[in-house]
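Listed below are the residues making up each chain.
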Amino acid sequence: MIDWTILAPAAFFAGMVDAVVGGGGLIQIPVLLGQFPQTAIPTLFGTNKLASVVGTTSAAIHYGRRITIPWPIVGPAAAAAAIGAWLGARAVSLFPPAALRPLILVLLIAVAIYTFIRKDFGIHHQRLSNPRRELRLAVAIGAGIGFYDGFFGPGTGSFLIFLFIRFLGMDFLHASVSAKIVNVSTNLAALAVFVFHGQVLWQVAALMACCNLLGSRVGAALALRHGAVFIRKAFLVVVVVLILRFSADTFLY
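Residues numbered from 1 in each chain as written. Predicted model: local features only at pLDDT ≥ 70, side-chain atom pairs only at ≥ 80, totals over all residues. Heavy atoms only, no water.

Caption draft 1: Quick look at the packing of helix 7 (residues 156-168) against helix 9 (residues 202-251). Interaxial distance between helix 7 and helix 9 falls to 10 Å at its minimum, and their mutual angle equals 130°. By the angle between their axes, helix 7 is oblique relative to helix 9. Crossing geometry of helix 7 relative to helix 9 is assigned as left-handed. Between helix 7, through Ser 158, Ile 161 and Phe 162, and helix 9, the contact on the second element is made entirely by Phe 235, Val 238, Val 239 and Leu 242. When its residues are assigned to classes, the contact of helix 7 with helix 9 shows six nonpolar, one polar and no charged. (Axes fitted to C-alpha atoms, helices over the stretch in contact; angles between N-to-C directions. Helix = DSSP H or I, 4+ residues; strand = E, 2+ residues; numbered from the N terminus. Parallel < 35°, antiparallel > 145°, perpendicular 65-115°, else oblique. Left-handed = near helix turned anticlockwise from the far one by under 90°. Contact = heavy atoms within 4.5 Å. Nonpolar A, V, L, I, M, F, W, Y, C, P; charged D, E, K, R; others polar.)

In structure tokens form, the structure reads like this:
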């Protein structure tokens, strides 16, 4: 028996968090695992992807109506990310994703420390003066993080936001909406694989998608109202949660 008093609020909150800084899967996947302990993991991942991509797409559209999206770099980054995600999914059979946990944990700690120390990090939006270099960096970021998302996944949105700020000079608001667009691309690439293999609980995913959609509208509205400073704080919270999760997975299991 599905307990919608747990699944629905979880999907709503996941959509809200994901619309601001990413990390909705941290909420939805554990809940799905708890509600469907006998269901194959790929099926639950596919269900999560379908619910998430609806909310992420809605958030990207909502952001796009209010702020200018740098499409000349975000578009190529999203295309590169889709290819990277497909290659990453193919590589899963060659190398165990769990082996990446210690490395990802170290990277997340570095991201948290850097963001915390640099108080002005991501507060101001200043594009690079060299368009070609900007495009090359955007494609490299998209391809690299896309591969990671297809291969492993947790923290994809947070890594995208950090790299867009650090290397492309975006503020948290522009980095967040750019990350959403790239994340939609990687999610669709992964979802195509899950759908092709029939690994989706369609009714559950549809209802969760509705809740995720509502949450994403609330999250995007909060981000637009309170700006880069608010997103920076939310980003640090999500990164700390990711660090705690990876620490538990690495040292306790």
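Caption draft 2: How the structure looks around the packing of aromatic side chains. In this structure the tally under the stated criterion is six aromatic pairs. Aromatic side chains Tyr 114 and Phe 121 sit 5.3 Å apart centroid to centroid with 85° between the ring planes, which places their arrangement in the edge-to-face category. Ring geometry for Tyr 114 and Phe 162: centres 5.7 Å apart, planes at 85°, overall edge-to-face. Here Phe 162 lies in helix 7 and Tyr 114 lies in helix 5 (residues 101-117), a separation of 48 residues in the sequence. Look at Tyr 114 and you get partly exposed, because its relative accessible area is 25%. Through successive ring pairs, a cluster of aromatic residues spans Tyr 114, Phe 121, Phe 162, Phe 172 and Phe 235. Lying across the ring of Phe 116, Lys 119 places its NZ or CZ 3.9 Å from the centre. The ring of Phe 167 carries Arg 166 above its face, with NZ or CZ at 5.2 Å from the centroid. (Phe/Tyr/Trp six-rings, centres within 6.5 Å; stacked < 30°, edge-to-face > 60°. Buried < 20%, exposed > 50% of the residue type's maximum accessible area, 1.4 Å probe, protein only. Lys NZ or Arg CZ within 6 Å of the ring centre and 35° of its normal.)

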